[in-house]
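# What the coordinates show
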Amino acid sequence: MAWRIFRTVLVGAVVSAALLIAFPPTGLLKDHLAATIGTTLGRKVTIGDLRLSVPLKLERPRLNVELDQVTIANPEGMPVRDLFTGPTVKTTVDLLPLLKGRVRMEALAFVQPTLALEEDAAGNRNWVFAASQRPAATATASAPVSDFTLPPAITIDNGAATYQSSLTGSKAAASAITSVQTLDAVSGAVTSKGQLAAGGETVTFDVALGDYSALTTVKTTTLVARMDARPLTASISGDASFSTMAEFKGNVVASTPSLVSLAQWAGSDATASGEPLRTSLEGKIAAAGDVIAFTETDVMVNTTSGRFDGTLDLAGERPKIAGAISSDHIDLQRLAGTARRPSLAPEAIQEDFEPLVRPSWEQLLNDLNTLEAGPQAAAVAEAAPSAAVSSSSGWSDQPFNLKSLRTVDMDVEIRAAEISYGQLDLKQGRVKAGLTDGVLDATIEELAVGEGSAKGTINIDSRASPPRAKVALNLSKVAAEPIVTELTGKPLLSGTSDVVINASAAGQNQAQLTSTLDGKAHFQMGRGALRGFDVRRMIFEWWKSWKFDLAMKTGFERLDAQYDIKKGIMRSEPGFSMGGPEVEINSTGSVNVPARKLNQEIRVKAIPPPTAFPIPVRISGDWSKPSVGIDWGGLFSSAPGLGGPQALAASPEPAPANVQAAIRRVLAADIPPERLTPEARQMLQWLLPAEGAAPESSTPEGTTP
């Protein structure tokens, strides 16, 4: 298109120059030339000055022609601006052929030209000329030229090009365009090699057309092109036409060291995080205007490969990707470019799960001291751990970067034969994802998790202030151990589980998100095992010091837990229950997600003997290092129905002296029955040696005769 414009300008210029070479009236000549070209193009054309000269060294007769301040205006109805501005256009022609009506240029140079491409709100483009406005291919009375030949070399020095669309709002610009175009007059082939600056990057290019006349005609030509820039390297080869809209059909190979950097270069305000997404693609494309169709296109992101069949539409407010992506194997961590983490838990809470089992005598002594100190001390003791945890929650206050969700629209289906993340066995995944103006709707239609399955939906609204997210997940007959291992870093639970989670949250960062978490969760399991504790042995040998040990386990036949979540607090509704051949465990309480704190009141009942009262146990503190111990303090004030561990088995050794002393002080103190029940007094008496304070009854508290 550019050559068509300049050819018309130059032909008229050099022919007029040949007729008036002796003493040319250049003012009259340039005005007549501008009017003639303007009539031909249907645009207003101006020429600031025209200069002619004959080289001093005449190896053969030649003529130098120089045009200054050449402009071609936009068509009527579009903004009053110039499509083309050429401060200086230079050419050298053979003089003798010119006198016979043939233009033979030896060289052509554009100095600091600017091409300003525009599309208005109605879709009209300033670079499209109506058929009646195209330069005539044959000579006219005002331009008696029967033969025109472009020179073998055309140069552009420090040129610029801009593009803006009022229809889509998109913009692009290139500057410092310096290139050399080489033409083969016999074959019509043309090559263009050079460089330009775009988006703060230097781009080198190498383009080869089989027939340069295809730029201004309806012909189709071969096109081979390559570009190299820091964010992108790409090459294409195939067939192209430029008559109405640019069309191309052929092969493409492209790669980028960082997909985020490429998006930033393209104008996105996405922010990089983690390792760069190294991306490459190779396949077949068919481009027509703003739509590019991909077929059999292999894509690799980091080390994850797949195939894309679909389209990239550049016509809208944002680019839109539509189609199908398939892969034999997707490695989520390599895809994300992150180092292996010990668990799926957020980075801020990556701590080893290491419960602290408090020795029963030590816990009893602490609870006796608290009871003796009075109600106010008990309240302080209860609040102190909570305050310590809350003061440093560990959740990040770094704002989420969701800008990339508003840079592109999507309507894709993603399939993967295998998906890996840590110990999870994921296969046959099928996800449909839609992304429109920053709102992501993804549906997990199919996913095999080991021998089980998963389905669900994910919604993220990045437009909301603060951003909002909703998750609905349904796991059926899924092995619990690999999931729990990824969540905690340890295989705490084994067995087959059914899980239903519905949750929503809003926030700019992790801290806000956890504090607004609402929803419900339900967990069910059949036969399985809780690892790290042998609960039956621990309560029958309660006087010993125990540690969390994965070699120990507690089997169960059923497990059921339901949680109601409000503002990040998960409450057992109605509660947690676990039953098996050795123990039954029931628990109520809360999990404070924002504070990362547990507070669970547990009732452990040994089976057999079936007549033993449940023993109260409390788990509290930081959820990565919770404190586990018998809740002696709860026994002191509890209603009948709970019992101490001494009802199951008496300690073979008497209580430590400091514990005995504390028991005697408490028994001697005037503590009201609402804080120390008669049953609790009887229990404490049984914990003393027989020569101390023998109880009136021979039946230990916590059992029935």
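Structure's up top.
Residues numbered from 1 in each chain as written. Predicted model: local features only at pLDDT ≥ 70, side-chain atom pairs only at ≥ 80, totals over all residues. Heavy atoms only, no water.

### Quick look at the overall build of the protein chain
- Looking only at helices and strands, the protein chain features 13 helices and 32 strands.
- For the protein chain, the residues scored as buried account for 41% of the 705 residues in total.
- When the accessible surface of the protein chain is summed, it comes to about 35,100 Å², and 57% of that surface belongs to carbon and sulfur atoms. (Helix = DSSP H or I, 4+ residues; strand = E, 2+ residues; numbered from the N terminus. Buried < 20%, exposed > 50% of the residue type's maximum accessible area, 1.4 Å probe, protein only. Areas by Shrake-Rupley, 256 points an atom, 1.4 Å probe, with all protein chains shown as cover.)

### Thoughts on the pairing of strand β13 (residues 247–256)
- Bridging between strand β12 (residues 233–241) and β13 involves nine bridges; their strand directions are antiparallel. Across the sheet, D239 pairs through a bridge with K249, a residue of β13.
- Here β13 pairs with strand β14 (residues 279–288) via ten bridges, running antiparallel. From the neighbouring strand, E247 faces β14, where its bridge partner is A288. (Pairing = 2+ DSSP bridges.)

### As for the nonpolar core
- Judged by nonpolar contacts, the single largest core of 51 residues is most densely connected at L364, W632, F636, I663 and L684.
- The residues touching L684, leaving out its near neighbours within four places in the chain, are L364, L368, F636, I663, V666, L667 and L676. (Core = buried A, V, L, I, M, F, W, Y, C linked by side-chain atoms within 4.5 Å. Contact = heavy atoms within 4.5 Å.)

### What to know about the side chain of N509
- With respect to the helices and strands, N509 occurs in the loop between β24 (493–506) and α9 (510–515).
- Taking relative accessible area as the criterion, N509 reaches 7% and is therefore assigned buried.
- Separated by 3.2 Å, the side chain of N509 and the backbone nitrogen of A511 make a polar contact.
- Beyond its immediate chain neighbours, meaning those up to four positions away, N509 contacts S396, D397, Q398, P399 and F400. (Polar contact = N/O pair within 3.5 Å; in protein donor to acceptor, adjacent residues only side chain to side chain.)

### Concerning the packing of helix α6 (residues 360–373) against helix α12 (residues 657–668)
- α12 packs onto α6 with a crossing angle of 30° between their chain directions and a minimal axis gap of 10 Å. As judged from the angle between their axes, α6 and α12 are roughly parallel. In the packing of α6 onto α12, the handedness of the crossing is left-handed. Two secondary-structure elements touch here, α6 through W361, L364, L365, L368, N369, L371 and E372 and α12 through N658, V659, A662, I663, R665 and V666.
- Broken down by class, the residue content of the contact of α6 with α12 amounts to nine nonpolar, two polar and two charged. (Axes fitted to C-alpha atoms, helices over the stretch in contact; angles between N-to-C directions. Parallel < 35°, antiparallel > 145°, perpendicular 65-115°, else oblique. Left-handed = near helix turned anticlockwise from the far one by under 90°. Nonpolar A, V, L, I, M, F, W, Y, C, P; charged D, E, K, R; others polar.)

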